[in-house]
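# Chain and residue survey
Each chain is listed here by its residues.
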Amino acid sequence: MRAPILALIGLLCLGPARAAADPAAAAPSKDPTQVRAGAYVLDPDHGKITWSVSHLGYSTYYGQFTGLSGKLDLDPKAPDKSRLEVTVPLGGVVTGSPRLNEHLAAPDFFDTAKFPSATFTATAVEPTSPTTARITGDLTLRGVTRPLAIDATFNQAGIHPVDQRYTVGFDGRAVVKRSDFGVNAYLPALGDEVSLRIEGEFKAAP
């Protein structure tokens, strides 16, 4: 999950005691220059990819990948030095239809028995505004690696009110051509271009 995903965030986890003593430091900030540099891990409960594809021209079909894992090394002052790796478990696809979930796991589509996950590794981060960036990198799906570009938007960073951990949040957008990865089932009736909406919260690494 060319592509998404970040260039605006940071580390150095603030403990709850210090956060309470310093409310200003704990308050979330939408200013990317205030983000702490360092190592982060993706919160699997708040990292997901919502995808959509044209269904035979009759409707736009939506589904989600959940349970993502990832690592981010962020340097807001030198975005090009930031590093991002994300793993997407393909068997965790959610469509609302158990039968469709099974079909998507079959060789027609993801072939999860052979390829249980997809990975994205960022190779470059280019700021496009004070709060946005284009993240380019390599997406590997079904054993095929192709370039992917993600347009990422920084939301905010600060001490999370639930777990008291320093957290950075972002959204991302990308488009994937499934035929580039050998997912050719029902082309061209079933759409080739798949739109991705990416959401993630990264926690400062312990």
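Residues numbered from 1 in each chain as written. Predicted model: local features only at pLDDT ≥ 70, side-chain atom pairs only at ≥ 80, totals over all residues. Heavy atoms only, no water.

### Some details on the overall build of the protein chain
The helix and strand inventory of the protein chain stands at three helices and 10 strands. Ordering the α and β elements of the protein chain from the N terminus gives α-α-β-β-β-β-β-α-β-β-β-β-β. Residue burial in the protein chain is summarised as follows: out of 206 residues, 43% are buried. Roughly 10300 Å² of accessible area belongs to the protein chain as shown, and the carbon and sulfur atoms make up 55% of that amount. (Helix = DSSP H or I, 4+ residues; strand = E, 2+ residues; numbered from the N terminus. Buried < 20%, exposed > 50% of the residue type's maximum accessible area, 1.4 Å probe, protein only. Areas by Shrake-Rupley, 256 points an atom, 1.4 Å probe, with all protein chains shown as cover.)

### A few points about the pattern of salt bridges
Counted under the stated rule, the structure contains four salt bridges. We note a salt bridge from Asp-151 to Arg-134, for which the minimum N-O separation is 2.9 Å. You can see Asp-151 sitting in strand S8 (residues 144-159) and its partner Arg-134 sitting in strand S7 (residues 132-141), a full 17 residues away along the chain. A relative accessible area of 31% places Arg-134 in the partly exposed class. Residue Glu-199 pairs with Arg-197 through a salt bridge whose shortest N-O separation is 3.6 Å. Residue classification places Arg-197 among the partly exposed positions, given a relative accessible area of 40%. Connected through shared salt-bridge partners, Lys-48, Arg-197 and Glu-199 make up one network. (Salt bridge = Lys/Arg side-chain N within 4 Å of Asp/Glu carboxyl O.)

### Observations regarding the side chain of Thr-167
In this fold, Thr-167 is placed in strand S9 (residues 166-177). Judged by its relative accessible area of 6%, Thr-167 is buried. When sequence neighbours within four positions are dropped, the list of residues in contact with Thr-167 reads Gln-156, Ala-157, Gly-158, His-160, Glu-201, Phe-202 and Lys-203. (Contact = heavy atoms within 4.5 Å.)

### A look at the nonpolar core
Of all hydrophobic cores here, the largest spans 46 residues; its most connected members are Val-35, Tyr-40, Trp-51, Phe-65, Phe-120 and Tyr-166. Mapped onto this core, the elements with two or more residues apiece are strand S1 (38-55), strand S3 (69-74), strand S4 (83-89), strand S6 (117-129), S7, S8, S9 and strand S10 (193-204). In this structure, Trp-51 is in contact with Tyr-61, Tyr-62, Gly-63, Gln-64, Phe-65, Val-93, Thr-95, Leu-104, Val-194, Ser-195 and Leu-196, ignoring residues within four places of it in sequence. (Core = buried A, V, L, I, M, F, W, Y, C linked by side-chain atoms within 4.5 Å.)

### A short note on the confidence of the model for the protein chain
In the predicted model, the protein chain carries a mean pLDDT of 88, and 87% of its residues have values of at least 70. A low-confidence stretch, residues 1-23 (pLDDT under 50), is modelled with 97 contacts involving residues beyond four sequence positions or located in other chains. (pLDDT = per-residue confidence, 0-100.)

### Topic: unusual backbone geometry
Most of the time, phi is negative for any residue but glycine, and the peptide bond is trans. Each neighbour pair has its own omega, and for Leu-187 with Pro-188 the value is 0°, a cis peptide bond. Tracing the chain through its elements places Pro-188 in the loop between S9 and S10. Here the phi dihedral of Asp-111 falls at roughly 50°; this positive angle occurs in a residue that is not glycine. Mapping Asp-111 onto the fold places it in the loop between helix H3 (98-105) and S6. A relative accessible area of 9% places Asp-111 in the buried class. Positive phi, normally seen in glycine, also occurs at Gln-164, with a value near 60°. Here Gln-164 is to be found in the loop between S8 and S9. With relative accessibility at 27%, the residue Gln-164 sits in the partly exposed group.

### Quick look at the pairing of S7
The buried count for S7 comes to seven of 10 residues, which makes it a mostly enclosed element. When S6 meets S7, the two strands line up antiparallel, connected through nine bridges. Paired with Ala-124 across the two strands is Thr-136, which belongs to S7. The turn joining S6 and S7, which pair antiparallel and follow one another in sequence, is formed by two residues. Where S7 lies against S8, 10 bridges are found, and the strand directions are antiparallel. Considered in S8, the bridge of Gly-137 is made with Leu-148. (Pairing = 2+ DSSP bridges.)

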